[in-house]
Amino acid sequence: MIFETLEQYDYEQVVFCQDKASGLKAIIAIHDTTLGPALGGCRMWPYATEEEAIEDALRLARGMTYKNAAAGLNLGGGKTVVIGDPKKDKSEALFRALGRYVQSLNGRYITAEDVGTSVSDMDTMHEETDYVVGLSESFGSSGNPSPLTALGVYQAMKRTAKEAFGSDELKGLKIAVQGVGNVSYTLCKYLHEEGAELIVTDIFQQSIDRAVNDFGATAVEPDEIYGIEADIFAPCALGGILNDETIPQLKVKAVCGSSNNQLKDMEKHSAQLAERNIIYAPDFVVNSGGVINVADELHGYNEKRATDKVKEIYNQMDKIFEIAKRDNISTALAADRMAEERIDQMMRVRSTFSRHEHSIISRR
Ligand code: NAD
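The rules behind each value
Residues numbered from 1 in each chain as written. Predicted model: local features only at pLDDT ≥ 70, side-chain atom pairs only at ≥ 80, totals over all residues. Heavy atoms only, no water. Helix = DSSP H or I, 4+ residues; strand = E, 2+ residues; numbered from the N terminus. Buried < 20%, exposed > 50% of the residue type's maximum accessible area, 1.4 Å probe, protein only. Contact = heavy atoms within 4.5 Å. Near = heavy atom within 4 Å. Polar contact = N/O pair within 3.5 Å; in protein donor to acceptor, adjacent residues only side chain to side chain. Areas by Shrake-Rupley, 256 points an atom, 1.4 Å probe, with all protein chains shown as cover. Nonpolar A, V, L, I, M, F, W, Y, C, P; charged D, E, K, R; others polar. Domains from an automatic or database assignment. Expected span 1.5 Å × (residues − 1). Axes fitted to C-alpha atoms, helices over the stretch in contact; angles between N-to-C directions. Parallel < 35°, antiparallel > 145°, perpendicular 65-115°, else oblique. Pairing = 2+ DSSP bridges. UniProt positions renumbered as here; feature names shortened; annotations may be inferred.

A few words now on the side chain of Arg43. Along the polypeptide, Arg43 turns up in strand β4 (residues 42–45). Using a relative accessible area of 17% as the deciding quantity, one classes Arg43 as buried. With residues near it in sequence (within four places) discarded, Arg43 still touches Asp56, Leu60, Thr80, Val81, Val82, Asp114 and Val115.

A few words on the site of the ligand. The local shell around the ligand holds 18 residues, among which Thr149, Asn182, Val183, Asp202 and Ser258 are the closest. At 3.3 Å, a side-chain N or O of Ser146 approaches a nitrogen atom of the ligand. The contact in question runs from an oxygen atom of the ligand to an N or O atom on the backbone of Asn182, over 2.9 Å. When the ligand sits alone it has 820 Å² of accessible area, and the protein chains cover 75% of it. Considered class by class, the residues forming the shell around the ligand number eight nonpolar, nine polar and one charged.

Moving on, we come to the environment of Lys251. As for its placement among the helices and strands, Lys251 is situated in the loop between β10 (232–235) and β11 (254–255). Residue Lys251 is classed as partly exposed on the basis of its relative accessible area of 43%. Lys251 sits 74 residues away from Val177 along the chain, and the two C-alpha atoms are 13 Å apart. Setting aside residues no more than four positions away along its own chain, Lys251 makes contact with Tyr226, Gly227, Ile228, Glu229 and Ala230. A distance of 3.0 Å separates the side chain of Lys251 from the backbone oxygen of Gly227, its partner in a polar contact.

With that out of the way, let us pick up the domain arrangement of the protein. In terms of domain boundaries, the protein breaks down into domain 1 (2–63 + 77–135) and domain 2 (145–288 + 317–340). Inter-centroid distance (C-alpha atoms) of domain 1 to domain 2 is 31 Å.

Here we come to helix α3 (residues 92–104). Here α3 is 13 residues long and its end C-alpha atoms lie 18 Å apart, about the 18 Å a rise of 1.5 Å per residue gives. For α3, every residue scored as buried is listed here: Leu94, Phe95, Ala97, Leu98, Gly99 and Val102. The elements touched by buried residues of α3 are β1 (13–19), β2 (24–32), β4, β5 (76–83), β6 (109–110) and α4 (119–126). Of the residues flanking the end of α3, it is Asn106, one or two places downstream, whose phi is positive at about 60 degrees.

With their axes 8 Å apart at the nearest point, helix α12 (residues 313–327) and helix α13 (residues 331–349) run at an angle of 105 degrees to one another. Considering the angle they form, α12 stands roughly perpendicular to α13. Across the interface between the two elements, Gln316, Lys319, Ile320, Phe321, Ile323, Ala324, Arg326 and Asp327 from α12 touch Thr331, Ala334, Ala335, Arg337, Met338 and Glu341 from α13. Partitioning the contact of α12 with α13 into residue classes produces seven nonpolar, two polar and five charged.

All right, on to the pairing of β2 then. Across a regular strand the side chains alternate sides, sitting on one face of the sheet and then on the other. Of all the nine residues making up β2, eight are buried; the element is thus mostly covered by neighbouring parts of the structure. Direction of pairing for β1 relative to β2: antiparallel, over a ladder of seven bridges. Across the sheet, residue Gln13 finds its bridge partner in β2, namely Ile30. Between the end of β1 and the start of β2, which pair antiparallel, lie four residues, with Gly23 showing a positive phi angle near 80 degrees. Sheet analysis places β2 next to β5, joined by six bridges and oriented antiparallel. Looking across to β5, one finds that Ile30 is bridged to Gly78.

The sites that UniProt annotates as "active site" (unreviewed entry) are Lys79. Among the structural elements, Lys79 can be located in strand β5. Apart from residues lying up to four places away in sequence, Lys79 is in contact with Ile27, Ile28, Ala29, Gly40, Gly41, Ala57, Leu60, Ala61, Met64, Tyr109 and Asp114.

Spatially, β9-β8-β7-β10-β11-β12 is the arrangement adopted by the six strands of the open sheet, whose pairing is parallel. For this open sheet the edge positions go to β9 (218–219) and β12 (279–280), each flanked by a neighbour on one side alone. Two strands pair when backbone bridges link them, and β10 and β11 are joined in this way by two bridges, in the parallel orientation. Note that in β11 the partner of Phe233 across the bridge is Val255.

Of the two faces of β10, the one carrying Ile232 and Ala234 and the one carrying Phe233 and Pro235 are both buried. As judged from the four bridges shared by strand β7 (residues 174–178) and β10, these two strands associate in the parallel manner. When the sheet's bridge partners are listed, Ile175 is paired in β10 with Ile232.

Structure (structure tokens):
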């Protein structure tokens, strides 16, 4: 049945990696490399079944194709999942064995940190492969991605405000922020500096206190954030929070935040938001600053170049609103279409014969 599954979304390759001595059991899924090598993180998780692990690898790899394409990167989509408990099953041998598998793909796939893996795991893989990013400082790393993710959310929010209120100035707007963690603290700083009014919530009192003290934010209970009378809702904590229970409570004109997979059901809930005239800024474009930042390591990291590229998220949002209007579809679908159209265009560009393909990976 595996080929039927692969055919459904046209996956290119799945690699099963096994090393008995280290206990490595991993799956590398490569969805699409039209734009360039597949980039996507390495997740370590105690999957209950092999089927669950394969399903996750495939779903996440395809997600990366869309995310990288929509971010304007010359990268395709891929992902690794390691079956195991990150608290118990990690070892040097396991990550080096995996590094050798990544190397064997000869640059078709580039790995990075994800849920359950760390910078030091990437450094260990780097002993065996050139095709890993998110390394520690000593290797010229891009560092903590959160500040640039926040900058991208801020740019997306400005463009979303323009769509909702006719101006990209956030001064005087009331913004309800769910979660004030790594990304959102920096986002709140930008918003405060521009003169926006902040209403925040978190499950940690310390995080709330910091936002109240540093930015004069008003704090509310976690379950109150959905019903706040505000201009924009910024989900920056959890996935699946735009659903049947929460959407009817919203009293905002737009949603724009850093969380992954905000819509519980993509089609149903993006339609529900549109029915209520709430503009939805697609999450995987809004939060693409993180991947843009880490991908810059492939050229030898340059902070200014990465920052400039993250600011382009404003223009990517522009295209999404344009496609949504052109095709009369939701912004969520428009983001997917923007990615698909770019892949399609580049497929045609790349059909011109060249004896030596240019590589985006600089020698390290
Ligand atoms: P984080 O853990 O630092 O921050 C999340 C915050 O949300 C924490 O302060 C947490 O206490 C709070 N929170 C958790 N449950 C909550 C609830 N029910 N109600 C209110 N607050 C709650 O994480 P982060 O790195 O800031 O990431 C935030 C989101 O953005 C995540 O969904 C993440 O996947 C996504 N994201 C992050 C990056 C990045 O660069 N860090 C990149 C892309 C996407």
